[in-house]
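Each chain, written out:
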Amino acid sequence: MKIRSSLFAVMLCALPCIQSIAAPVSDEERISVDIRRTTFLVNDIDTSLKLYRDALGLNVIYDQMINSPMENGETRKRRLVLLQANDTFIGALGLLQYIYPEKPQRQEKFDEPVPGDPIMVMNVSDLDTRWKSVEKSPKVAVIEAPHHVEYPRADGGKIAVMVSMIRDPDGYWLEVNQLLDAPAKASD
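Residues numbered from 1 in each chain as written. Predicted model: local features only at pLDDT ≥ 70, side-chain atom pairs only at ≥ 80, totals over all residues. Heavy atoms only, no water.

This paragraph deals with the overall build of the protein chain. Along the protein chain, the regular secondary structure elements total 3 helices and 8 strands. Along the protein chain, helices and strands appear, N-terminal first, in the series α-β-α-β-β-β-β-α-β-β-β. Buried positions account for 36% of the 188 residues belonging to the protein chain. Here the analysis covers contacts within the protein chain between residues at least 6 apart in sequence; of these, 59% occur between residues at least 24 apart. (Helix = DSSP H or I, 4+ residues; strand = E, 2+ residues; numbered from the N terminus. Buried < 20%, exposed > 50% of the residue type's maximum accessible area, 1.4 Å probe, protein only. Contact = heavy atoms within 4.5 Å.)

If you want it as structure tokens, here you go:
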């Protein structure tokens, strides 16, 4: 089922986190909070890595089993993989798989995002060549193939973006986009 591109894409395109304008804030502007990473709970990290590492090209920077004692004397076992794009401090994606005890799979599924569903937006500079690998990744559902969308600027101009929407193997919503114009500015 095709859905319209989310309002989130418009909002996120307007944020000053686009690579060409990304820069740390000045010491005077800093606040006490940094958003470091989003972690997705997944059923099978190896399947998820085929999308995030192999098709999208994120770099694995951490891959470890984490064991911790449980109250019943057994050992909780989890695997955590951290992936990064272009920044070494923010924007990381975590994939966490509960090996033992396993977590139940979320049952409800919707044809479009609903409150409580995160949408991760990624900008890639080579969507045209990367798309075939993305759509062929195991258990990925293509919601919208790349298509041209123009977002309004405050000055009446447009921001052209190739927009696509997929669901990853665990049902997370991802917009995989490519900017075709100069990125948004705060004045947009």
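This paragraph deals with the confidence of the model for the protein chain. On average, residues of the protein chain score 86 in pLDDT, and 87% of them reach the 70 mark or higher. Looking over the protein chain, one finds the lowest element-wise mean pLDDT in helix H1 (residues 7–14), namely 38, and the highest in helix H2 (residues 45–55), namely 98. Under a pLDDT of 50 for its full length, residues 1–20 has, in the predicted model, 40 contacts with residues more than four places off or in other chains. (pLDDT = per-residue confidence, 0-100.)

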